[in-house]
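Chain and residue survey
So you can see what is in the structure, the chains are spelled out below.
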Amino acid sequence: MRYVACLLGIGWVCATSTAHAWGDRTHPAIVRLAISTLPEEVEREFRRQTRKLERFSNEPDSVLREREGRVEAIRHFIDLDGYMSPPFEGFPRTYDKAVERIGKRKVEKYGVLPWVILRFERQLRKALAAGDEDWVRQAGYLAHYVGDAYQPLHLTIDYDGQLSGSKGIHRRFENDVVDARMMFNERRIGFDIPEALLVEDLREKLFTALFATYPGSTAILAADKTARGAGKPGSTAYNDKLEAETDELIRRQIRDASVMLGSIWLTSWRGAGK
Ligand SMILES: [Zn+2]
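The structure reproduced in this document is the subject of the present report. (Residues numbered from 1 in each chain as written. Predicted model: local features only at pLDDT ≥ 70, side-chain atom pairs only at ≥ 80, totals over all residues. Heavy atoms only, no water.)

Time to look at the overall build of the chain. Within the chain, the secondary structure is distributed over 17 helices and 0 strands. Relative to the compact-globule value of 19 Å for 274 residues, the chain shows a C-alpha radius of gyration of 18 Å, a close match. Expressed as lengths along the three principal axes of its C-alpha atoms, the size of the chain is roughly 55 × 45 × 35 Å. Across the 274 residues of the chain, 55% fall into the buried class. Here the analysis covers contacts within the chain between residues at least 6 apart in sequence; of these, 75% occur between residues at least 24 apart. Summed over its atoms, the accessible surface of the chain is roughly 12500 Å², and 51% of this surface lies on carbon and sulfur atoms. (Helix = DSSP H or I, 4+ residues; strand = E, 2+ residues; numbered from the N terminus. Rg over C-alpha atoms; globule rule 2.2 N^0.38 Å. Buried < 20%, exposed > 50% of the residue type's maximum accessible area, 1.4 Å probe, protein only. Contact = heavy atoms within 4.5 Å. Areas by Shrake-Rupley, 256 points an atom, 1.4 Å probe, with all protein chains shown as cover.)

What follows is the structure, given as structure tokens:
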């Protein structure tokens, strides 16, 4: 439905659903934080490409969506609860298994985010192994999708609070709170961020991360209700309260996204024989 609404030009649906994942400042911040998790010699190579990586980390929401439309849009989320209720036991780990379970039409409705991350990791590794300069683009795009995977509202059918009386929460949370405070949060997160680690089974690690991120969606929707008690949605009082209620969650999600991204980059780098 979101895509139909987008095509029809019903603005808020586009603006508040999948058009943006985190905000324009958040993806580049995740890039910079991820670089800081890398071992020194790898860090040097990535740091040299910081500007490009930052730019590419936002392109899936702009350039790619413009070019590929709906095909791109479904790469930015996976509505886990569209498949089943938590704790997601027996959740299909591959795209084929997902199609087998609920059919292609529904898989495309609920999104394909984890499989896109796995594809970009393979592409990054291949580009690195071939000495292809395009590795920077692959690494930057990967940064975007990994970031999206840690945005709890990208994992639920109630992605905009439209089913629970919190309509508009997606944008209020991502833009008015997370993006607006990103510079401050980046410093706080960077202060004691863990190191990147080699990932043995990325598919499994990814799904574990998704399942761990999912409860955050309920927490954000609850925070919206609390913030509405402080002020009208969009007001400073509301934003301050929403920020206070989700501060810990935001820092945890951005930190974990950055460490995961650094770990995937590192694993690709080593896997490519670097
Ligand atoms: Zn996105």
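Continuing now.
Right, let's get into the packing of helix α16 (residues 215-230) against helix α17 (residues 236-271). Where α16 contacts α17, the two axes come as close as 8 Å, and the packing angle between them is 150 degrees. In terms of orientation, α16 and α17 fall into the roughly antiparallel class. The handedness of the crossing between α16 and α17 comes out as right-handed. Two secondary-structure elements touch here, α16 through G216, A219, I220, A223, D224, T226, A227, R228 and A230 and α17 through A237, Y238, K241, L242, E245, T246 and L249. Of the residues belonging to the contact of α16 with α17, the class tally is 9 nonpolar, 3 polar and 4 charged. (Axes fitted to C-alpha atoms, helices over the stretch in contact; angles between N-to-C directions. Parallel < 35°, antiparallel > 145°, perpendicular 65-115°, else oblique. Left-handed = near helix turned anticlockwise from the far one by under 90°. Nonpolar A, V, L, I, M, F, W, Y, C, P; charged D, E, K, R; others polar.)

Let us now look at the nonpolar core. Counting residues in each nonpolar core, the largest one holds 80 residues, and the members touching the most others are F46 and W265. When residues of this core are assigned to their parent elements, the largest contribution, 13 residues, is made by α17. Those residues in contact with W265 that lie beyond four places of it in its chain are V31, A34, I35, L38, F46, L53, L124, A139, L142 and A143. (Core = buried A, V, L, I, M, F, W, Y, C linked by side-chain atoms within 4.5 Å.)

Another aspect to go through is the environment of R65. Relative to the elements of secondary structure, R65 occurs in helix α6 (residues 63-68). The class of R65 is buried, set by a relative accessible area of 17%. Separated by 71 residues in sequence, R65 and V136 place their C-alpha atoms 19 Å apart.

Let us now look at unusual backbone geometry. Note that the residue after P86, namely P87, is joined by a cis bond; omega there is 10 degrees. Checked against the element boundaries, P87 lands in the loop between α8 (80-83) and α9 (95-102).

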